[in-house]
Amino acid sequence: MIAARPTTSPRTLSSATSTSEESGASTRMIKIGRNIVHQLDNRERGFRTRKIRNCASAVANEHYFRRHAVELAELVLLERLKSEDLCKPIDDLASETESVFNIEQSHDGLLTATVQTNRCVNVFQTTSMYKLAKYPSRDRSVWTLAFHPTSANTIAFGTLGGTVLVYVDNRLVASLQEPEPIGSVCFHPTQNFLLLTSMNEVVFWDWVNGITHTAGMYSDCKCRFLHVTSDAHLITGITQTQTHLLAGVGGNVELVEPEYLVVSLLRSVTLMLDKLEQTMATQVDYLLQLELNKQCLIWIYLLQTINRKRVGIRCCAIVTDTNSCTKSDLNVTLLTLNRKIDALEETLRARSSIPIIPNHTPSWSPVTVFLTEPMSFFEQICQKYICQRNRSYIQYNFDLNLVQEMLRKLHDMFHLLAPSDLPKTGDILGTVSGTSRKPENHCVLQAWDLELLKGDGEDLPDFKEDWKNVITICMINNDSNVAISQCEQFIASIRLRSVKEMEIRSLRRENFGESLFLFKFTAEFVSLSFSPSGRYVAIGLRCRRNLKYAYIVDKESLWRIGVNSGTFDSIGNRFDIVEQNERVGLKLSLPRDSQNYLEINCIKWAALPGYGLLVGLKSKFVRICR
């Protein structure tokens, strides 16, 4: 339920001094806040006695009820969008004509900030879209902004001129100047760190004390996305390096020193699985079988090299305090790779045209070469200090069972699906391990643990570990191209294979990186956003006039792209035939009349339940869809 709009003129946060004005605003907020979620919640509370409300199970029941109330509010919006045009201009902002290309909201959803081309940031009440503040950027256009995860009155933004500004309670409290445009910013949830990206660096800025620490990456990389979760895990989107992409892979592994063979193995497996997934998306069995043969050859050569060089590795059980030591936890990476291998093998087995001959005995299949000898290498280095250059060490912490599981799964997969005879030379490894150059906005989404971050600059992530804790590879231009649900358990992104694919993957530790949903489309995308419940995802598209320009998809749908769109009864009769994507969600046109089409730059689901969609437009500022 949407109340009448306020008719008073806009004001800033600092000018809110009149008692009568505050009282009036409070009254309006109460009316506006009575949306469908609040009505259902209050009605449910009214039907319960005080005794029931205070019992232990009531808290869980209330959470369960509120979650369903939020989903009901979203369902009501979707049902109305099928028959009504709910996208309306905002009268109070009729004078605003700048293009909006990013929208962010505070942790409680009460405030909304927009980034537009007039070199300013506007802050509004989400409920009424009443303007509260306007922050100038001083120089060039603002590219990225972020609210503090616990304080709605703290906001930071970065510009294309390299300027970073932090405002608290409508007052500028800190600024930083970088030599390059700011790609993304985010706050640490518990420490006074603002994380920002500039050039090929991630800067950890203590904006309260004016101290900065810098973590670099490869010279040909850029970080385009940053987000720190409430449990202090940093999500980054870093462009794939071209200079070092094949370092220690294929024929290059022969040049790798023994202490860096762990990196070669993990990078090789990561690239191998990604290449097989990419080839599988072409639906051409010949290409897939050829790629399997190539990757099997690379895998054999890699393990043979590890077996031959493992005696040359230098390890020690203890180091002195004067030596620098880096610790690297590999368990999440190994768990993720094992899950990806399982999913890949399951899909490969489902391809009926690929021959599976479980009884053949390949000439390259001795277990000692592919399991026993490599495991002795990992037993040798597990939780030991591996010597590196300049009196430095690295300590890899991992579960040996996870390594053994990965080696066994890869051996079994290639044993069943690769041919029995392969070339016995590494002469062609340089050609089979090559990869085509990808667009620079293809980024590796990764997770980094910041729980042990102390602020001294010695415990920053090593962003050159492009194989570590990989979620997926996706296309990123700005912050709005990646979405994380409010519960921080799901992440949505777009990757390009045969067509564009919107993936939803898990951020939970127990199934980190697992693919939960897939949606295919061909139009140019500009924005992703989860609904407050995390069930629906809005995909903003930039299309021609006569096309829809947004999808809303339901990740709880059991139907998936790439499987039969029809279902079958118990005797095999097909029924419920639908078009591709039809059962996934809603094709949305805002507005419904194509003559009034306005090009979309950003679409965000209001974080406050029951308040619909916020649509940032090109040349027409912003509209609301409630």
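What comes next is a walk through the structure. Since the model is a prediction, treat every value here as computed from it, not as a measurement.

1. Focus: the overall build of the protein chain
Alright, step 1. Within the protein chain one finds 10 helices and 34 strands.
Alright, step 2. Put simply, the protein chain has 626 residues, and 54% of those count as buried.
Alright, step 3. The long-range share in the protein chain, meaning contacts at least 24 apart out of those at least 6 apart in sequence, stands at 61%.

2. What to know about the sheet that holds strand β6 (residues 142-147)
In sheet architecture, strand pairing relies on hydrogen bonds along the backbone and comes in two forms, parallel and antiparallel.
Alright, step 1. The antiparallel open sheet is built from four strands, whose spatial order is β6-β7-β8-β9. Each edge of the open sheet is held by one strand with a lone partner, namely β6 and β9 (171-177). For this sheet, the mean inter-axis angle between neighbouring strands, taken without regard to orientation, is 15°.
Alright, step 2. As defined by bridge partners, strand β7 (residues 154-159) adjoins strand β8 (residues 163-168) across five bridges and the pair is classed as antiparallel. Across the sheet, Phe 157 pairs through a bridge with Leu 165, a residue of β8.

3. Quick word on the packing of helix α7 (residues 331-350) against helix α9 (residues 400-417)
Alright, step 1. Close contact between α7 and α9 brings their axes to 10 Å; oriented N to C, the two are set at 20°. On the basis of the axis angle, α7 is roughly parallel to α9. For α7 against α9, the interelement crossing comes out left-handed. Between α7 and α9, the residues in contact are Asn 331, Leu 334, Leu 335, Leu 337, Asn 338, Ile 341, Asp 342, Leu 344, Glu 345, Leu 348 and Arg 349 and Leu 402, Val 403, Glu 405, Met 406, Lys 409, Leu 410, Met 413, Leu 416 and Leu 417, respectively.
Alright, step 2. Classifying every residue of the contact of α7 with α9 by side-chain character gives 13 nonpolar, two polar and five charged.

4. A few points about the pairing of strand β11 (residues 193-198)
Alright, step 1. Among the six residues in β11, six count as buried, and that is most of the element.
Alright, step 2. Burial of β11 is two-sided: the residues Phe 193, Leu 195 and Thr 197 facing one way and the residues Leu 194, Leu 196 and Ser 198 facing the other way are all buried.
Alright, step 3. Summarising the sheet, strand β10 (residues 182-187) and β11 pair through four bridges and their orientation is antiparallel. Note on β11: the bridge partner recorded for Val 185 is Leu 196.

5. Description of the side chain of Thr 154
Alright, step 1. Along the polypeptide, Thr 154 turns up in strand β7.
Alright, step 2. Overall, Thr 154 belongs to the buried group, its relative accessible area being 6%.
Alright, step 3. Within polar-contact distance, the side chain of Thr 154 engages the side chain of Ser 151 at 3.3 Å.
Alright, step 4. What Thr 154 contacts, discounting residues up to four positions off in sequence, is Ala 146, Phe 147, His 148, Val 166, Tyr 167, Val 168, Phe 187 and Trp 207.

6. Points about the sheet that holds strand β18 (residues 385-387)
Alright, step 1. Taking strand neighbours across the sheet as the criterion, the four strands line up as β16-β18-β19-β17 in an open arrangement whose pairing is mixed. Every interior strand has two partners, whereas the edge strands, β16 (315-316) and β17 (324-329), have only one.
Alright, step 2. In this sheet, strand β19 (residues 392-397) lies alongside β17 in parallel orientation, the contact comprising six bridges. Across the sheet, the residue bridging to Cys 325 is Tyr 393, located in β19.

7. So, helix α5 (residues 261-280)
Alright, step 1. End to end, α5 covers 28 Å across 20 residues, agreeing with the expected 28 Å (1.5 Å per residue, within 8%).
Alright, step 2. Here α5 lies mainly inside the structure; 17 of its 20 residues are buried.

8. Notes on a nonpolar patch on the surface
Alright, step 1. Where nonpolar side chains cluster on the molecular surface, the patch consists of Val 284, Tyr 286, Leu 287 and Leu 290 and spans about 360 Å² of accessible area.
Alright, step 2. With respect to the helices and strands, the residue Val 284 is situated in the loop between α5 and α6 (285-309).
Alright, step 3. On the basis of relative accessibility, which here comes to 35%, the residue Val 284 falls in the partly exposed class.

9. A closer look at empty space enclosed by the protein
Alright, step 1. Scanning the entire structure with this criterion turns up five cavities of 30 Å³ or more.
Alright, step 2. By volume, the largest cavity amounts to about 220 Å³.
Alright, step 3. Only α5 and β21 (470-475) provide two or more residues apiece to the lining of the largest cavity.
Alright, step 4. Of the residues assigned to the lining of the largest cavity, the class counts are eight nonpolar, four polar and seven charged.

10. What about the packing of α5 against α9?
Alright, step 1. In the contact formed by α5 and α9, the axes pass within 13 Å of each other and the chain directions differ by 40°. The orientation of α5 with respect to α9, classified from their angle, is oblique. Classified by chirality, the crossing of α9 by α5 is left-handed. Contacts from Leu 265, Val 269, Met 272 and Leu 276 in α5 reach Met 406, Leu 410, Met 413 and Phe 414 in α9.
Alright, step 2. Classifying every residue of the contact of α5 with α9 by side-chain character gives eight nonpolar, no polar and no charged.

11. A word on the environment of Leu 460
Alright, step 1. For Leu 460, the position within the fold is in the loop between β20 (442-449) and β21.
Alright, step 2. For Leu 460, a relative accessible area of 17% translates into the label buried.
Alright, step 3. Remark: the alpha-carbon pair of Leu 460 and Leu 450, spanning 10 residues in sequence, is separated by 7.9 Å.

12. Let's talk about the pattern of salt bridges
Alright, step 1. Counting across every chain of the model gives 17 salt bridges.
Alright, step 2. A salt bridge links Lys 604 to Glu 104, with the shortest nitrogen-to-oxygen separation between them at 3.7 Å. Of this pair, Lys 604 sits in strand β32 (residues 600-605) while Glu 104 sits in strand β2 (residues 100-105); the two residues are 500 residues apart in sequence, bridging distant segments of the chain.
Alright, step 3. Between Arg 497 and Glu 277 there is a salt bridge whose closest N-O contact spans 2.9 Å. In this pair, Arg 497 is assigned in the loop between β23 (490-496) and β24 (500-506) and Glu 277 in helix α5, connecting sequence segments 220 residues apart.

Procedures and definitions
- Residues numbered from 1 in each chain as written.
- Predicted model: local features only at pLDDT ≥ 70, side-chain atom pairs only at ≥ 80, totals over all residues.
- Heavy atoms only, no water.
- Helix = DSSP H or I, 4+ residues; strand = E, 2+ residues; numbered from the N terminus.
- Buried < 20%, exposed > 50% of the residue type's maximum accessible area, 1.4 Å probe, protein only.
- Contact = heavy atoms within 4.5 Å.
- Pairing = 2+ DSSP bridges.
- Axes fitted to C-alpha atoms, helices over the stretch in contact; angles between N-to-C directions.
- Parallel < 35°, antiparallel > 145°, perpendicular 65-115°, else oblique.
- Left-handed = near helix turned anticlockwise from the far one by under 90°.
- Nonpolar A, V, L, I, M, F, W, Y, C, P; charged D, E, K, R; others polar.
- Polar contact = N/O pair within 3.5 Å; in protein donor to acceptor, adjacent residues only side chain to side chain.
- Expected span 1.5 Å × (residues − 1).
- Patch = residues over 30% accessible without salt bridge, like charges linked within 9 Å, V, L, I, M, F, W, Y side chains within 5 Å.
- Areas by Shrake-Rupley, 256 points an atom, 1.4 Å probe, with all protein chains shown as cover.
- Salt bridge = Lys/Arg side-chain N within 4 Å of Asp/Glu carboxyl O.
- 1 Å grid on protein atoms, 1.4 Å probe; cavity = no way out; pocket = protein on both sides within 12 Å on 5 of 7 lines; lining within 4 Å.
- Points joined across faces, edges and corners; volume = space filled by probe spheres on them.

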